[in-house]
Amino acid sequence: MKDRIYKNFVKRWEEVTDLPPQTLGPFTSSYKDLVHGVKSMPVPVYAVFGLVIAFGMLYFFGARISFFVSLLQKGF
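Some thoughts on the overall build of the protein chain
No. 1: In terms of regular secondary structure, the protein chain is built from four helices and zero strands.
No. 2: The C-alpha radius of gyration computed for the protein chain amounts to 24 Å, which surpasses the reference 11 Å derived for 76 residues by more than 25%, pointing to a less compact arrangement than a globule.
No. 3: Taken across its 76 residues, the protein chain has 3% of its residues classed as buried.
No. 4: Counting only carbon and sulfur atoms, one obtains 70% of the accessible surface of the protein chain, whose full area is about 7,500 Å².
No. 5: Separation between the mean location of the 9 positive side-chain charges and that of the 5 negative ones in the protein chain comes to 12 Å.

Structure, rendered in structure tokens:
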């Protein structure tokens, strides 16, 4: 009796925990390449992302960037 319950539990556990690899259709290989680069060396990726965001905000807000930053600082 006890052994059968355990076997049923193990069988159900394997059904629940055994997940197939996720795919993104034709973008799977590109996604895996991108994620591998971010996982192996995240700091350069974050630095480039931060610079892009900073220059994007400078382009979007222009000289008003100091006002926007002050506004955000007052909120926190």
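Structure's up, so let's keep going.
Focus: the pattern of salt bridges
No. 1: All told, the structure shown has two salt bridges when counted by the stated rule.
No. 2: Asp 3 is the partner of Lys 7 in a salt bridge, and the nearest nitrogen-oxygen pair spans 3.6 Å. Of this pair, Lys 7 and Asp 3 both sit in helix α1 (residues 2-17), four residues apart, roughly one helical turn.
No. 3: Classification of Lys 7 as exposed rests on a relative accessible area of 54%.
No. 4: For Asp 3, a relative accessible area of 48% corresponds to the partly exposed category.

Points about the packing of aromatic side chains
No. 1: Per the stated rule, a full pass over the model turns up three aromatic pairs.
No. 2: Measuring from centroid to centroid gives 6.0 Å for Phe 9 and Trp 13, while their planes differ by 35°, and the two rings are tilted. Pair noted here: Phe 9 and Trp 13 are both in helix α1, with a separation of four residues, about one helical turn.
No. 3: Aromatic pair Phe 61 and Phe 68: ring centres 4.4 Å apart, planes at 15°, arrangement stacked.

Things to note about the side chain of Thr 28
No. 1: Looking at the element boundaries, Thr 28 is found in helix α2 (residues 28-40).
No. 2: Owing to a relative accessible area of 15%, Thr 28 belongs among the buried residues under this scheme.
No. 3: Engagement of the side chain of Thr 28 in a polar contact is seen with the backbone nitrogen of Leu 24, the distance being 2.8 Å.

Quick look at the confidence of the model for the protein chain
No. 1: Averaged over all residues, the pLDDT of the protein chain equals 88, while 100% of them reach at least 70.
No. 2: Here helix α4 (residues 65-75) is the element of the protein chain with the lowest mean pLDDT, 86, and helix α3 (residues 42-61) is the one with the highest, 91.

Criteria and cut-off values
Residues numbered from 1 in each chain as written. Predicted model: local features only at pLDDT ≥ 70, side-chain atom pairs only at ≥ 80, totals over all residues. Heavy atoms only, no water. Helix = DSSP H or I, 4+ residues; strand = E, 2+ residues; numbered from the N terminus. Rg over C-alpha atoms; globule rule 2.2 N^0.38 Å. Buried < 20%, exposed > 50% of the residue type's maximum accessible area, 1.4 Å probe, protein only. Areas by Shrake-Rupley, 256 points an atom, 1.4 Å probe, with all protein chains shown as cover. Lys, Arg positive; Asp, Glu negative; His and termini not counted. Charge placed at Lys NZ, Arg CZ, Asp CG, Glu CD. Salt bridge = Lys/Arg side-chain N within 4 Å of Asp/Glu carboxyl O. Phe/Tyr/Trp six-rings, centres within 6.5 Å; stacked < 30°, edge-to-face > 60°. Polar contact = N/O pair within 3.5 Å; in protein donor to acceptor, adjacent residues only side chain to side chain. pLDDT = per-residue confidence, 0-100.

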